[in-house]
Amino acid sequence: MAVPVAFFALFFAYPVTAIVGRGFRTDDGWRFGRIGEVLGRSDILDVLWFTTWQALASTALTLLIALPGAYVFARFAFPGKQVLRAVVTVPFVLPTVVVGTAFLAVLGRGGLLDELWGVRLDTTVWAILLAHVFFNYAVVVRTVGGLWSQLDPRQEEAARVLGAGRFAAFRRVTLPALAPAVAAAALMVFLFTFTSFGVVQILGGPAYSTLEVEVYRQTAQLLDLPTAAVLTLVQFTAVGAILAVHAVTVRRRERALKLVDPAQTSRRPRGAGQWALLGGVLLTALLLILLPLGVLVERSLDGPGGYGFGYYRALQSAGSGATSTFLVPPLEAVGNSLRYALVATLIALVVGGLAAAALTRRAGRLVRGFDALLMLPLGVSAVTVGFGFLITLDEPPLDLRTSWILVPLAQALVGVPFVVRTMLPVLRAVDDRLREAAAVLGASPLRAWREVDLPLVRRAVLVAAGFAFAVSLGEFGATVFIARPDTPTLPVAVARLLGRSGELNYGQAMALSTILMLVCAVSLLLLERIRTDRSGEF
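Since this is a predicted model, take the numbers as computed values, not measurements.

Parameters and conventions
- Residues numbered from 1 in each chain as written.
- Predicted model: local features only at pLDDT ≥ 70, side-chain atom pairs only at ≥ 80, totals over all residues.
- Heavy atoms only, no water.
- Patch = residues over 30% accessible without salt bridge, like charges linked within 9 Å, V, L, I, M, F, W, Y side chains within 5 Å.
- Areas by Shrake-Rupley, 256 points an atom, 1.4 Å probe, with all protein chains shown as cover.
- Salt bridge = Lys/Arg side-chain N within 4 Å of Asp/Glu carboxyl O.
- Helix = DSSP H or I, 4+ residues; strand = E, 2+ residues; numbered from the N terminus.
- Axes fitted to C-alpha atoms, helices over the stretch in contact; angles between N-to-C directions.
- Parallel < 35°, antiparallel > 145°, perpendicular 65-115°, else oblique.
- Contact = heavy atoms within 4.5 Å.
- pLDDT = per-residue confidence, 0-100.
- Phe/Tyr/Trp six-rings, centres within 6.5 Å; stacked < 30°, edge-to-face > 60°.
- Buried < 20%, exposed > 50% of the residue type's maximum accessible area, 1.4 Å probe, protein only.

With that settled, the discussion passes to a nonpolar patch on the surface. A contiguous nonpolar patch, built from Leu-283, Leu-286, Leu-287, Leu-290 and Leu-291 and spanning about 420 Å² of accessible area, is present on the exposed surface. As for its position among the elements, Leu-291 is in helix 14 (residues 271–301).

Relative orientation of the contacting elements helix 11 (residues 211–221) and helix 19 (residues 382–392) amounts to 30 degrees, with a least axis distance of 8 Å. Relative to helix 19, the element helix 11 lies roughly parallel. Across the interface between the two elements, Glu-212, Val-215, Tyr-216 and Thr-219 from helix 11 touch Ala-382, Val-383, Thr-384 and Phe-387 from helix 19.

What follows is about the environment of Pro-95. Residue position: Pro-95 is located in the loop between helix 4 (81–93) and helix 5 (96–107). With near-sequence residues (within four places) excluded, Pro-95 lies in contact with Gly-474, Pro-491, Leu-516 and Cys-520.

In this model, the chain carries an average pLDDT of 80, and 88% of its residues clear a pLDDT of 70 or more. Low confidence marks residues 534–538, where pLDDT is under 50. Its contacts with residues over four positions away, or in another chain, come to seven contacts.

A separate point is the packing of aromatic side chains. Applying the stated criterion across every chain, the model contains 14 aromatic pairs. Judged by centre distance (5.1 Å) and plane angle (75 degrees), the ring pair of Phe-103 and Phe-134 falls under edge-to-face. Note that Phe-103 is positioned in helix 5 and Phe-134 in helix 7 (residues 125–148), a separation of 31 residues in sequence. Both residues of the pair, Phe-103 and Phe-134, belong to the buried class. Through successive ring pairs, a cluster of aromatic residues spans Phe-7, Phe-8, Phe-11, Phe-12 and Phe-389.

In this fold, Ala-358 is placed in helix 16 (residues 332–361). C-alpha of Ala-358 to C-alpha of Phe-370: the two residues are 12 residues apart in sequence and 10.0 Å apart in space.

As structure tokens, this is what we get:
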């Protein structure tokens, strides 16, 4: 646990504590009365209220739309199922900047709806809610559908034989078994939408602001650190309370389940109702997921002189003069992002792999508490972390403010939780008697791990690497602070282009977003291939 603890203490706890401390510390001492002052402001209360209710609405809407999809993927067998599973997962690994850009191409000024019916939904709450459903649809499908596909359907059939109706059998048998998975999916969706930044920044306009957006505005634009510190504490407290309530609730509902091979529960749809349900899920995937991505690609090709690659060619030049958006050609952001993501993935694998190994070996309170702390980077303001990097890592022996490694370190913070959550179940499934047998035969702990654990978790490591690479590639909240002007990442480059007026900047933003989408999609398809190839070895 030494390396993971040191990593999180130095690159997470220290920067967050420092930025919050600066907000409360004055020449006369500490002023915690600022909490009441800030929370008493009507504009801040409006931000807190909007952050909470939009997260609740986004979570409810996502569950309503995605649960039928989870059932279809769990119980039905149909042509193209694996491809469609990968397609609906693409939005989850896309940067929020790209998600916002895709919906801007559909709902914004000059977008598809504006051209067809003269309707604009950007700068409205509906655009934010739909984008959140688009982003989190795969969370519910993967989390709930994965467990649903392993539930023995004969239990529900037995309830039907004993006289229960279809809905009563589902409510009394299947739903209690799915409750922990549904709660976990709802928690993740709520956390992602509660801390939403890129989507609200692009689609919400000045009318809507979440806590994350307000922290960014108070820090980067108004330089009001006291207000930003209070909002960071509020967000941290809310996330901690949500995680604690979820842990207690899920622990009470968890019970042993009879699980079967998913291949035994999947069959072709039967009857008009099941075919209608499959058609509805496919139509939802088409309109909600494929349409925004397709319009994004179309807008990147629709130049002033007709369809072509003009906007892509424009990415190769940096521009000139005071109006130039970049010091280097925007296309260089592709190479920058790939290099940063590879280094961040390596860091996340080392730190997350050691953390998962430690959590497997021991189960004391300290270790369980550390397990919960590993999730905090997903719920704490990435803007706060990024700005904290700038004000803390600027003196020897850790003067990293001008170093390229700062960006991968920030990205790795987001990747580590995904590595731990991917590797931990597989490591816990390894029979301890195999390790003990290796030790009896004279193997050292390192050799026992290499000969026993590594072959069994090799594919889990590759899956974890794929997730860490994808989320590192799309990290925006912290990177927007620490990426150097001459080495921007793809999400930062897209945000800069969208922040400037002009048809050329808009077209280049669409082109860069398409490139980023394709890179993420290729990573995901490789991940899906690794996941399904010879899956019996898991």
